[in-house]
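What follows is the residue order along each chain.
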Amino acid sequence: MDCEELRKWITLCIFCLTCIYCDLAVGQIITIGGVFPEEMSQEHKALHHAIGSLRTRNNTISPPAPQMTLYVENVKITDSFILGKSMCEMFDKGAYLIVGVSSSTSLPTIKAYSNKFNIPYITSSLSGTGLLSNESDYQLYLRPSPIPVLVELITRAKWAEFHYVYDEMEGLYRLEHLLEVANIEPITINPIHIRDFDNISPILSKIEASEVHNIVLDTSTLWRTNTVLKKAQVYGPITTSVYNFIVLDFDLNHLDFTDRKYDRLRITGLSMVNEHHPAHSDFMEAWNEVKEKKYPRNPIDYFAFESALTYDAVQLIVETFKSMQEDGVDIANEVLKCEAHRDTSPWSYGDTLISYLKQASVYNGLTGQLEFDDLGRRKNYFVDIIKLGSDPVSGNHRFEKDGTWDSSSPERFAIGRDGSIVEPVDTVLNRTLIISTILSRPYYMLKKNADDFEDEQDKYEGYCVDLMKEIAKYMDISYKFKLVSDGNYGSMNKSGRWNGMVGELIDGEADMVVAPLTITSEREQFVEFSTPFMNLGISILIKKPANKKPGVFSFLHPLSHEIWMCIVFSYVGVSVVLFLVSRFSPYEWHTVDAPPPMFGDSGDRQEMANDFGIFNSLWFSLGAFMQQGCDISPRLVYWCAVLLRSFAGR
């Protein structure tokens, strides 16, 4: 081999190694699906902008981030059929995961497809509500729940009663979540559902008549929030009193209050979007440019909270695939045909991807730090508490940061405006709950080796013990069981007092009852029951009939032999009576032409005839029985009606 040939081989090897390095640097091309309604154009644009920014940064950073391709479907998410079809089309395109929005009506469909095919679904909607299951599924919820923050705000404000105003089912689920996780008794909550935002004066009148000036406002859009606050500002009775509002809309700080007088309204809100983040100004510049061209009717001129969550979803995906590359984990793309083949196996790498997604962290997102627990819900995040104040110079109203709520602290403390730590509040999140129960196998029973345990709580076992362990793990609470003192389940005596576990719950001796307690209408008037974990009832068991092939006389099976014999005898008896009556009745006889004579007699002759012979009588009765009628009918109408009525009665 001469020097020239050796030089060519060395050049070829260097070129191959360079190609291999470039291929490893670029990494896999990740296909992402997107599900957005047509009216949510900013969320769609945020997803595109985040991926475009990622491609731009790949030219300046080393090693480059994974490349992404996007396939978006604009669908009506409330239509389960169209939504399912769109998700199937994304599976056909080879999507690794899907980013989009969801609602209370679409979430069951999304979970069904996502769990069936092991495709992760990252949503910016539906924070921790009653809709979310306690199982580890393939969904990630970027939007944190505002309920823990609301509990602290209510407790610190020492509200004894307040109105919970909502407009959609999601608001009702959040109210249910509030009642489940917060021990805010003896606070009274008055739910109010707004159906018509063009006429909310009756609701404002109802609030004014109640003389309760504390309101939690939970509306689905910022426009509806603005409508309620604007009309409350000009509503006569409210403007003469001081009203306290806690608004759960994370975009509240984008409302313009400069031209309004809110001296009588104390408004507190929540915020999470970091407006000083470099990506914030970059996106707003791109959004304002595309808004004028493609979406001139879109009223959103700010970086909405759900759009920021969608933007952060891309950062989460990037960090996830970086971690997988560092660990040497490679996933193969599989095209799933969910419509053409119902027996298609789920994606074999879905468990790996969702596991890495839940373990990934984004420390500098637009909405702060992104981390998730085993259930796919957000943890270790901060929420800014904002309050409406007035500028001392201009007098205009504007929102100012009043504090920060930290979800990572065991006490859920708040950091005040001056940085000082505010004392923790007394909720179920930081105290030990007393659980009243009763000895009943197999729900709560003494262990066989109970004497081997020193702790009283470890001496018992059963279904209720296991159930409470899972609830405590999910809600992050502490508890201890307490056997009911009188050994009763709970009944009302003549004086109107309750005994047993129900009595301890009403008297405040216990926070909860976990036991095989029957739900009755009388008990429901005094205590709140959860969904039952077991349903009992009286059932009737019969032997499963053997399948038989139908025979010629199968039509006789519906009736017994005796009934069929009575029908036959009635049929023959009515026919015979009809025959005899027609014989004796002169109205049934009439003259007819006699047949020609046999021996050439040319004279015309007539003879008497009767249509109701025995065969015609049988035929007439059969026609009446079958309700089909007959060509002949009796002239004696009265007797015919009597016979047919007797026939029908038989």
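This one's a predicted model, so the numbers in the text were calculated from it and none came from an experiment.

## Some details on a nonpolar patch on the surface
Among the surface-exposed residues, Val568, Val572, Val576, Leu580, Phe584, Ile614 and Phe615 lie close enough to one another that they form a single nonpolar patch of about 690 Å² accessible area. Residue assignment for the nonpolar patch shows that the elements contributing at least two residues are α16 (561–584) and α17 (614–625). Per-element accounting of the nonpolar patch gives the leading share, 5 residues, to α16. Take phenylalanine 584: it is sitting in helix α16.

## With respect to the sheet that holds strand β21 (residues 512–513)
Across a sheet, strands are paired by hydrogen bonds formed along the backbone, either parallel or antiparallel in direction. The strand order across the open sheet built from 3 strands is β20-β17-β21, with neighbouring strands paired in parallel fashion. Bordering the open sheet on either side are β20 (478–483) and β21, each of which pairs with just one other strand. Lying on the sheet, helix α13 (residues 463–475) is in contact with β17 (432–437), β20 and β21; it crosses β20 at an angle near 155 degrees.

## Considering the sheet that holds strand β1 (residues 29–36)
The strand order across the open sheet formed by 5 strands is β2-β1-β3-β4-β5, and the pairing between neighbours is parallel. Across the chains shown, the open sheet's two edge strands, defined by having one partner strand only, are β2 (67–74) and β5 (139–141). Taken pair by pair, the neighbouring strands of this sheet meet at an average axis angle of 25 degrees, ignoring direction. With 3 bridges connecting them, strand β3 (residues 97–100) and strand β4 (residues 121–123) associate as parallel partners. The residue bridging isoleucine 98 from the neighbouring strand is tyrosine 121, located in β4. Across the face of the sheet, helix α3 (residues 80–92) comes into contact with β1, β2, β3 and β4 while running at roughly 155 degrees to β2. Strands in contact with helix α4 (residues 107–117) are β4 and β5; relative to β5, the strand with the most contacts, it is inclined by about 135 degrees.

## A word on helix α5 (residues 147–157)
Among all positions of α5, only Ile147, Val149, Leu150, Val151, Glu152, Leu153 and Ile154 are buried. Downstream of α5 by one or two residues, lysine 158 has phi in the positive range, about 60 degrees.

## So, the packing of aromatic side chains
Inspection of every chain in the model, using the stated rule, returns 15 aromatic pairs. Their ring planes at 45 degrees and their centres at 5.0 Å tell us that tyrosine 463 and phenylalanine 533 sit as a pair that is tilted. Of the two residues, tyrosine 463 sits in helix α13 while phenylalanine 533 sits in the loop between α15 (521–524) and α16, which places them 70 residues apart along the sequence. Classification of tyrosine 463 as partly exposed rests on a relative accessible area of 38%. On the basis of relative accessible area, phenylalanine 533 is assigned to the partly exposed category, the value being 33%. An aromatic cluster is present here, built from Tyr96, Phe321, Trp347 and Tyr349 joined pairwise through their rings. Taking the ring centre of phenylalanine 453 as reference, the NZ or CZ of lysine 447 above it sits at 4.5 Å.

## Focus on the nonpolar core
Counting 86 residues, the largest nonpolar core has Met68, Leu150, Phe162, Tyr164, Leu178, Val216 and Leu316 as its most contacted members. Once residues within four sequence positions are removed from consideration, phenylalanine 162 is found in contact with Ile154, Leu178, Ile187, Thr188, Ile189, Asn190, Val212, Asn214 and Val216. Among the nonpolar cores identified, the runner-up in size contains 27 residues, and Ile192, Phe197, Leu204 and Tyr302 belong to it.

## Re the side chain of serine 114
Mapped onto the elements, serine 114 comes out in helix α4. At 2.5 Å, the side chain of serine 114 and the backbone oxygen of isoleucine 119 are in polar contact. Discounting residues that sit within four places of it in the chain, serine 114 has contacts with Met87, Ile119, Pro120, Tyr121, Tyr138 and Gln139.

## Structural notes on the pairing of strand β10 (residues 265–271)
Burial of β10 is extensive: 6 of the 7 residues sit out of reach of the surface. Relative to β10, strand β9 (residues 243–247) runs parallel, the two being bridged by 4 bridges. For phenylalanine 245, the partnering residue across the bridge sits in β10 and is isoleucine 267. In this sheet, strand β14 (residues 382–390) lies alongside β10 in antiparallel orientation, the contact comprising 4 bridges. Within β14, the position partnered with threonine 268 by the bridge is lysine 387.

## Re the confidence of the model for the chain
Low pLDDT marks stretches whose predicted atomic positions should not be read closely. Overall, the prediction assigns the chain a mean pLDDT of 78, with 78% of residues at 70 or greater. Of the regions scoring below 50 in pLDDT, residues 14–27 engages in 7 contacts with residues more than four places distant in sequence or in other chains. Ignoring residues within four places in sequence, the model shows residues 415–427, a span with pLDDT below 50, making 26 contacts including any to other chains.

## A short note on the side chain of asparagine 610
Position of asparagine 610 relative to the elements: it lies in strand β23 (residues 606–610). The buried category is assigned to asparagine 610, whose relative accessible area is 14%. Of the polar contacts made by the side chain of asparagine 610, one reaches the backbone oxygen of serine 582; its length is 2.8 Å. Ignoring anything within four residues of it in the chain, the contact list for asparagine 610 reads Ser582, Arg583, Glu588 and Trp589.

## Some points on helix α11 (residues 305–326)
Working note: α-helix, 3.6 residues per turn, so residues spaced by three or four point in the same direction. For α11, built from 22 residues, the straight-helix expectation of 32 Å at 1.5 Å per residue is met to within 8% by its first-to-last C-alpha distance of 32 Å. When you tally the buried positions in α11, you get 17 out of 22 residues, the bulk of the element. Glycine 328 lies just past α11 and shows a positive phi near 75 degrees.

## Points about unusual backbone geometry
Backbone phi values are negative for most residues with the exception of glycine, while trans is the configuration of most peptide bonds. Of note, the amide linkage connecting arginine 441 to proline 442 takes the cis form, showing an omega dihedral of 0 degrees. With respect to the secondary-structure elements, proline 442 resides in the loop between β17 and β18 (445–446). Phi at asparagine 118 takes a positive value of approximately 60 degrees, unusual for a residue other than glycine. Summarising the element assignment, asparagine 118 is placed in the loop between α4 and β4.

## Considerations on a negative patch on the surface
A cluster of acidic residues, Glu176, Glu180, Glu524 and Glu528, forms a negative patch on the protein surface. Residue position: glutamate 176 is located in helix α6 (residues 169–181). The partly exposed category is assigned to glutamate 176, whose relative accessible area is 37%.

## Structural notes on the packing of α11 against helix α12 (residues 350–359)
Axis separation between α11 and α12 bottoms out at 9 Å; the angle between their running directions is 115 degrees. Taken together, the axes of α11 and α12 are roughly perpendicular relative to one another. As α11 runs across α12, the sense of the crossing is right-handed. Two secondary-structure elements touch here, α11 through Leu316, Thr320, Phe321, Ser323 and Met324 and α12 through Thr352, Leu353, Tyr356 and Leu357.

Each value, and the rule that gives it
- Residues numbered from 1 in each chain as written.
- Predicted model: local features only at pLDDT ≥ 70, side-chain atom pairs only at ≥ 80, totals over all residues.
- Heavy atoms only, no water.
- Patch = residues over 30% accessible without salt bridge, like charges linked within 9 Å, V, L, I, M, F, W, Y side chains within 5 Å.
- Areas by Shrake-Rupley, 256 points an atom, 1.4 Å probe, with all protein chains shown as cover.
- Salt bridge = Lys/Arg side-chain N within 4 Å of Asp/Glu carboxyl O.
- Helix = DSSP H or I, 4+ residues; strand = E, 2+ residues; numbered from the N terminus.
- Pairing = 2+ DSSP bridges.
- Contact = heavy atoms within 4.5 Å.
- Axes fitted to C-alpha atoms, helices over the stretch in contact; angles between N-to-C directions.
- Buried < 20%, exposed > 50% of the residue type's maximum accessible area, 1.4 Å probe, protein only.
- Phe/Tyr/Trp six-rings, centres within 6.5 Å; stacked < 30°, edge-to-face > 60°.
- Lys NZ or Arg CZ within 6 Å of the ring centre and 35° of its normal.
- Core = buried A, V, L, I, M, F, W, Y, C linked by side-chain atoms within 4.5 Å.
- Polar contact = N/O pair within 3.5 Å; in protein donor to acceptor, adjacent residues only side chain to side chain.
- pLDDT = per-residue confidence, 0-100.
- Expected span 1.5 Å × (residues − 1).
- Lys, Arg positive; Asp, Glu negative; His and termini not counted.
- Charge placed at Lys NZ, Arg CZ, Asp CG, Glu CD.
- Parallel < 35°, antiparallel > 145°, perpendicular 65-115°, else oblique.
- Left-handed = near helix turned anticlockwise from the far one by under 90°.

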